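Survey of secondary and tertiary structure
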Amino acid sequence: MENLQTVNLILSILFLACYSYQFVYLAVPFLKKDRPTNWGKYHRYAVLIAARNEEAVIAQLIESIRAQDYPSDLVQIFVAADNCTDATAQIARAAGATVYQRENREQIGKGYVLHFLLEAIRRDCGLEQFDGFFVFDADNLLRRDYIRQMNRTFSAGYEVVTSYRNAKNYADNWISAGYALWFLRESEYLNHARMLLGTSAAVSGTGFLFSRQVLEACGGWNFFLLTEDIEFTVHNITAGRRVGYCPQAELFDEQPVTFGQSWRQRLRWAKGYLQVFHRYGGKLLRGIFQKEGGFACYDMCMANMPAILLALACGAANLLLLAAGVWDGESVLTCLLGWFANTYGLLFFLGAVTTATQWKKIHAQGWQKVLYTFTFPLFMLTYLPISLCALFQRVEWLPVEHTVGLSIQALAEEEPMGKNPLAILLKR
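Residues numbered from 1 in each chain as written. Predicted model: local features only at pLDDT ≥ 70, side-chain atom pairs only at ≥ 80, totals over all residues. Heavy atoms only, no water.

1. A short note on the nonpolar core
Put simply, the test is: Throughout, nonpolar core names a set of buried Ala, Val, Leu, Ile, Met, Phe, Trp, Tyr and Cys residues whose side chains join them through atoms within 4.5 Å. When accessible area is computed with a 1.4 Å probe and restricted to protein chains, residues below 20% of their type maximum are described as buried, those above 50% as exposed, and intermediate ones as partly exposed. We count a stretch as a helix when DSSP gives it H or I for four or more residues in a row; a strand needs E for two or more, and each element gets its number in order from the N terminus. Between two residues, a contact is recorded if the distance between any of their heavy atoms is within 4.5 Å.
With 110 residues, the main nonpolar core has Ile49, Ile65, Val79, Tyr170 and Phe210 as its most contacted residues. Among the elements that line this core, the one with the most residues is helix 7 (residues 174-197), at twelve residues. Every residue in contact with Phe210, bar those within four places of it in the chain, is listed here: Leu48, Leu118, Gly132, Phe133, Val135, Phe154, Glu159, Val160, Leu215, Trp221 and Phe232. If you look at the next biggest cluster of nonpolar residues, it comprises seven residues, including Leu267, Ala270, Ala390 and Val395.

This is the structure:
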């Protein structure tokens, strides 16, 4: 039993040493306020949308872009219809976008599609006419002031900017709510805290902006790993750039609702994290000891070496001790129950803080918000087998089906409902 306690104590200390700073992040949005900034000048933007069989949602995204309270002559929409077998291209053209159709069954993934789209724009329009480039997924919806708010942060000197990520189908089930709650936490208690502390935020898949100068410095879009967004983030951070965050720019996206889809998507993410760490781990580790950007490198290093791997290491060590006969099955059960209770409690606390503070922004009924706070830890714990599979399994990029054809006007009319019992509980 002493061997068991020693192993778990060492791993617990390692976990705290690596990730305790993220608990500090929880307090930052309560203690610091956003610095006021000027609106800045109007910039000209290209909007990049990678779409594969997105006929159910592409028109609603383009509509929400065209309805922005930003000069429409300064925003041009480009869509890459990637290996589509439906009417995505026709619908996007009818909605007012410039559409390029791509047929490539070998180079699969969003990174390749963005490279294709930017090269097509370079060839036909010239990249020099744009100051910056937005990247959205086809299922996204934008608040009416999204581009104006992002332009404000961009004008303040941030050449890469990400935004607040909300969900348009939070209330569907515990899976969609699990995703949504994680992204809400990432927005408010990771990226917002990073911005307030003056370190670098991280791009998260969609809803981000980068300057033409950044694109040129990167030699074009050459990020093709399974998590091209994290690769792009880490590349820029190790190059000394800082990713900004705009909390006022709110974007909605559709989350998976079936466990099969969720498994495939998160398996790709988990594998992608490992790919990024394998390629950039050395640069990140060296960057930690630099005077400028050292903490950002440490932060991204921890983000790309998921805490879930420590949990897997703990389980593997305990199983080895069991197999060696160092301790008995009853001790295993006691240890596992204790670990589960502690982990569930920690994840519940993170979910509860996020739900309580973001209550008014969550589009679901009150009882659903409370219920899915309790299921959030279970959703996160499913990362254990996913991360284990990612270590050994070959993973390919697979599209996620989107079917929630909701307009931004309809979403705005769905006011979040219910009192906030979690806020009352946390105050106590």
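2. Some thoughts on empty space enclosed by the protein
The following threshold applies: Cavity means a closed set of points on a 1 Å grid over the protein atoms alone, one where a 1.4 Å probe fits but cannot get out, pocket means an open set with protein on both sides within 12 Å along at least 5 of 7 lines, and lining means a residue has an atom within 4 Å of a point. Grid points are joined across faces, edges and corners, and a volume is the space filled by probe spheres set on the points. Residue polarity is assigned by list, with Asp, Glu, Lys and Arg as charged and Ala, Val, Leu, Ile, Met, Phe, Trp, Tyr, Cys and Pro as nonpolar; anything else, Gly included, falls into the polar class.
All chains considered together, the criterion is met by three cavities of 30 Å³ or more. The space that makes up the largest cavity amounts to roughly 40 Å³. Lining the largest cavity are Thr162, Ser163, Arg165, Glu186, Ser187, Asn191, Ser204, Thr206 and Gly207. Elements with a minimum of two residues in the lining of the largest cavity: strand 6 (160-167) and helix 7. Looking at the lining of the largest cavity residue by residue, the classes come out as no nonpolar, seven polar and two charged.

3. So, the layout of surface pockets
Its volume calculated, the second largest pocket comes out at about 420 Å³. Lining the second largest pocket we find 20 residues, and of these Asp34, Arg35, Thr37, Tyr158 and Met195 sit closest to its centre. Every element with two or more residues in the lining of the second largest pocket is listed here: helix 6 (146-155), helix 7 and strand 8 (243-253). Per-class residue counts for the lining of the second largest pocket are nine nonpolar, five polar and six charged.

4. Notes on the pairing of strand 3 (residues 98-102)
Selection rule: Note: two strands are recorded as paired if DSSP finds a minimum of 2 bridges between them.
Alignment of strand 2 (residues 75-82) against strand 3, held across five bridges, turns out to be parallel. Within the sheet, the bridge partner assigned to Phe78 lies in strand 3 and is Thr98.

5. Quick word on the packing of helix 10 (residues 259-287) against helix 15 (residues 383-392)
Note the cut-off: Axes here refer to lines fitted to C-alpha atoms; in helices the fit is confined to the stretch in contact. Angles between the N-to-C directions go from 0 to 180 degrees. Angle categories: roughly parallel below 35 degrees, roughly antiparallel above 145, roughly perpendicular from 65 to 115, and oblique for all the rest. Helix crossings fall into two classes, left-handed where the near helix is turned counterclockwise from the far one by less than a right angle and right-handed where it is turned clockwise.
Running from N to C, helix 10 and helix 15 cross one another at 55 degrees; their axes reach a closest spacing of 9 Å. As summarised for this structure, helix 10 and helix 15 are arranged oblique, according to the angle between their axes. Seen from above, helix 10 lies across helix 15 with right-handed handedness. Only Tyr383, Pro385, Ile386, Ser387, Cys389, Ala390 and Leu391 of helix 15 make contact with helix 10, whose side of the interface consists of Trp263, Arg266, Leu267, Trp269, Ala270, Lys271 and Leu274.

6. A closer look at the pattern of salt bridges
Going by this rule: Criterion for a salt bridge: a side-chain nitrogen of Lys or Arg within 4 Å of a carboxyl oxygen of Asp or Glu.
Following the criterion strictly, the structure yields twelve salt bridges and no others. The closest approach of N and O atoms between Asp82 and Arg102, which form a salt bridge, is 2.7 Å. Highlighted residues: Asp82 in strand 2 and Arg102 in strand 3, separated in sequence by 20 residues. Side by side, Asp82 and Arg102 carry an identical accessibility label, which is buried. With a closest N to O distance of 3.4 Å, Glu119 and Arg122 form a salt bridge.

7. Overview of the packing of aromatic side chains
Condition: The criterion for an aromatic pair is that two Phe, Tyr or Trp rings (for Trp, the six-membered ring) have centres within 6.5 Å, with stacked assigned to planes under 30 degrees apart, edge-to-face to planes over 60 apart and tilted to the rest. Look at NZ for Lys and CZ for Arg. If either is within 6 Å of the ring centre and within 35 degrees of the ring normal, a charge sits over the ring.
Taken as a whole and judged by the stated rule, the model has 32 aromatic pairs. Taken together, a centroid distance of 5.9 Å and an interplanar angle of 90 degrees make the contact between Phe78 and Phe130 edge-to-face. On the criterion of sequence distance, the pair formed by Phe78 in strand 2 and Phe130 in the loop between helix 5 (110-124) and strand 4 (132-137) is long-range, its members being 52 residues apart. Accessibility expressed as a relative area gives 0% for Phe78, which makes it buried. With relative accessibility at 0%, the residue Phe130 sits in the buried group. A centroid spacing of 5.9 Å and a plane angle of 35 degrees characterise the contact between Phe208 and Phe232, whose relative ring orientation is tilted. Residue Phe208 is found in strand 7 (residues 208-211), and its partner Phe232 is found in helix 9 (residues 228-238); the two are separated by 24 residues along the sequence. Phe232 shares its class with Phe208; the two are buried. Through successive ring pairs, a cluster of aromatic residues spans Phe78, Phe130, Phe133, Phe208, Phe210, Trp221, Phe223 and Phe232. For the cation-ring pair, Arg266 lies above Phe379, with the distance from its terminal atom to the ring centre recorded as 4.2 Å. For Arg266, the ring lying beneath its charged end belongs to Tyr383, and the centroid distance is 4.7 Å.

8. With respect to unusual backbone geometry
Phi is positive for Asn53, which is not a glycine, with a value near 55 degrees. Counting through the fold element by element, Asn53 comes out in the loop between strand 1 (45-51) and helix 3 (58-66). Notably, Asn83 is not glycine yet its phi reads approximately 50 degrees, a positive angle. With respect to the helices, strands and loops of the structure, Asn83 is situated in the loop between strand 2 and helix 4 (88-94). Judged by relative accessible area, Asn83 falls into the buried class, the value being 1%.

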